[in-house]
Every structure is written in structure tokens, then in C-alpha cells.
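Structure at a glance
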Amino acid sequence: MAAAGSGDGRPSRYESQKRRDWNTFLQYLKDHRPPLVLSRCSGAHVLEFLRHLDQFGKTKVHATGCPFFGLPSPPAPCPCPLRQAWGSLDALVGRLRAAFEENGGHPEANPFGARAVRLYLREVRDSQAKARGIAYEKRKKKRKRSPLQPPVAVAEAPRCDLNSLDYDNMDVIQYLVTGTNMETMSGEADTGVVMAVMGALDAAFMPLPVFH
């Protein structure tokens, strides 16, 4: 089995544990009555193996009738059995699932990824959470905040000096006034209209933002 090791050529702790777990499972199949072949192994056989490991567990799981049921820190000992902790079983199944495929098994025929195994692990997680008073929650990954964009530099365009405009040229003002059909009945430009045109000219030369 190819193993990704550390820099000095030795297998990593994960790879060493995965190899030991795989050898333990193969030995379980060999000692099974009747003996089992890996190619004939199914999800049901994986469940038998996981229940078999409970006898080596070190986690106290309180029964429903125990006075300490649901207490995370019992004040006294009790006769409730020891079991394999859900976290240990979940990690074990993950390692064996990887080892199965590394040893030539097909992913679609992987017994450690069977639906029955997933349901069993979920049942163990929920039951142990209630019995031990511990909530198993997945850690939420923190979303990386995008760096704040620097503000866009806004330069002010030069403002036109209205005093420098030649407003004495009444022909231009008269053209603007008559172009809007806002003459008085006598044909003369109304003072209010002229003021409106002057205001429009003033607004036309307001500074505009310039984006770089």
C-alpha cells in the first residue's frame, strides 16, 4: 500500500494508523466464522466489525435507566457499559474506506461507504450525544472576507468662473430664450425666463467628478 510519509521516508502517523486498522480488519475477516473474503465483504459485515470493536471501547455510554443519563460529568461511577466513541468509529471508517481503494478496491463497491454504515454512524452519534449530554456539532468554516477595496480617487474638475463669461452679449441670451419658446406676448424676453436661463448656465458649469 503506497503511503505518503514524512520527509525522512518514514510513514506519517495517519498512514501508520491506517495500515494497522487495515490489518486488523483483514484479521477479523480471517477469524470470522465462516471466514470472509474481502471481495465478498458488504456493509453488513462492516457493521458486525464495528459492533465487535465495542468490547474494546473506553467511553462510558449511559443507558436510558441510568440516573446519570444525559450528564456530561457524572458525579459517581455506574455499571453502564463502555463503548467505542462515535468520533473514533467515524475516523476508523474513513481510514478503512481509503485503505480499501488503495488496495485495489473499486469505489462503487466500497463496503465502508455503504448507506447502512453511514446510518449506523449517525445513530451512534445521536444516541451517544443524548446519553453523555454532549452535542456533536460540525465546525463551521469561516468565510474569508474579501479585502476592502480602496476608495476611488475623485478629482474635482476646474469650475468655470461665471464672472468671466460675457453676459453682455444679449444676442446669445435672446437665442436661448427664443429657442425655448418662452417669449412674452410682446416678443421681449421675460426677466424670469432670462434668470432661468442664467441658472441653467450656472448649473451647466457645476464641477463633475473625474474617475481615474
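Residues numbered from 1 in each chain as written. Predicted model: local features only at pLDDT ≥ 70, side-chain atom pairs only at ≥ 80, totals over all residues. Heavy atoms only, no water.

Along the protein chain, the regular secondary structure elements total six helices and four strands. When the helices and strands of the protein chain are read in sequence order from the N terminus, they spell out α-α-β-β-α-α-β-α-α-β. Residues classed as buried in the protein chain amount to 25% of the 212 residues present. For the protein chain, restricting intrachain contacts to residue pairs at least 6 apart in sequence, the fraction spanning at least 24 positions comes to 60%. As displayed, the protein chain offers around 15,700 Å² of accessible surface, 55% of which is attributable to carbon and sulfur atoms. (Helix = DSSP H or I, 4+ residues; strand = E, 2+ residues; numbered from the N terminus. Buried < 20%, exposed > 50% of the residue type's maximum accessible area, 1.4 Å probe, protein only. Contact = heavy atoms within 4.5 Å. Areas by Shrake-Rupley, 256 points an atom, 1.4 Å probe, with all protein chains shown as cover.)

Attention now moves to unusual backbone geometry. With an omega dihedral of -5°, the bond running from Arg-33 to Pro-34 counts as a cis peptide bond. Among the secondary structure elements, Pro-34 is positioned in the loop between α1 (13-31) and α2 (43-53).

Here we take up α1. Since the α-helix packs 3.6 residues into each turn, any two residues three or four apart lie on the same face. An ideal rise of 1.5 Å per residue puts 27 Å on 19 residues; α1 measures up with 27 Å between its terminal C-alpha atoms. Listing the buried residues of α1 in full gives Glu-15, Lys-18, Asp-21, Trp-22, Phe-25, Tyr-28 and Leu-29. One side of α1 carries all its buried residues, which in axial view fall inside an arc of 140°. Opposite the packed face of α1, turned more than 90 degrees from it, sit the exposed residues Arg-13 and Lys-30. Packed against the buried residues of α1 are α2 and α3 (86-102). (Expected span 1.5 Å × (residues − 1). Arc of directions from axis to C-beta.)

With that out of the way, let us pick up the pattern of salt bridges. Tallied over the entire structure, the rule returns four salt bridges. A salt bridge links Arg-125 to Asp-126; the nearest nitrogen and oxygen atoms lie 3.2 Å apart. Take Arg-125: its relative accessible area is 25%, and that puts it in the partly exposed class. By relative accessible area, which is 36% here, Asp-126 ends up partly exposed. Salt bridges here are not isolated pairs; linked through shared partners, they connect Glu-15, Lys-18 and Glu-102. (Salt bridge = Lys/Arg side-chain N within 4 Å of Asp/Glu carboxyl O.)

Let us look at the nonpolar core. Among the nonpolar cores identified, the biggest contains 23 residues, and Trp-22, Phe-25, Phe-49, Leu-50, Leu-96 and Phe-112 are the most heavily contacted of them. Ranked by residue count, the leading element in this core is α3, at seven residues. Residues within four places of Leu-50 in sequence aside, it is in contact with Leu-89, Leu-92, Val-93 and Tyr-120. (Core = buried A, V, L, I, M, F, W, Y, C linked by side-chain atoms within 4.5 Å.)

Running from amino to carboxyl end, α2 crosses helix α4 (residues 115-132) at an angle of 30°, the nearest separation of the two axes being 8 Å. With respect to α4, the element α2 is oriented roughly parallel. The residues of α4 that touch α2, namely those facing Gly-43, Val-46, Leu-47, Leu-50 and Arg-51, are Ala-116, Val-117 and Tyr-120. Of the residues assigned to the contact of α2 with α4, the class counts are six nonpolar, one polar and one charged. (Axes fitted to C-alpha atoms, helices over the stretch in contact; angles between N-to-C directions. Parallel < 35°, antiparallel > 145°, perpendicular 65-115°, else oblique. Nonpolar A, V, L, I, M, F, W, Y, C, P; charged D, E, K, R; others polar.)

Taken together, the side chains of Arg-97, Arg-115, Arg-118 and Arg-122 present a region of like positive charge at the surface. It is α4 that provides the largest number of residues to the positive patch, a total of three residues. Mapped onto the elements of the fold, Arg-118 is located in helix α4. (Patch = residues over 30% accessible without salt bridge, like charges linked within 9 Å, V, L, I, M, F, W, Y side chains within 5 Å. Lys, Arg positive; Asp, Glu negative; His and termini not counted. Charge placed at Lys NZ, Arg CZ, Asp CG, Glu CD.)

This paragraph deals with the environment of Asp-54. Turning to its location among the elements, Asp-54 is positioned in the loop between α2 and β1 (59-60). The buried category is assigned to Asp-54, whose relative accessible area is 13%. For Asp-54, the residues in contact, after removing those within four places along its chain, are Leu-82, Arg-83, Gln-84 and Tyr-120. At a separation of 3.0 Å, a polar atom in the side chain of Asp-54 contacts the main-chain amide nitrogen of Gln-84. (Polar contact = N/O pair within 3.5 Å; in protein donor to acceptor, adjacent residues only side chain to side chain.)

Keep in mind these numbers describe shape, not what the thing actually does.
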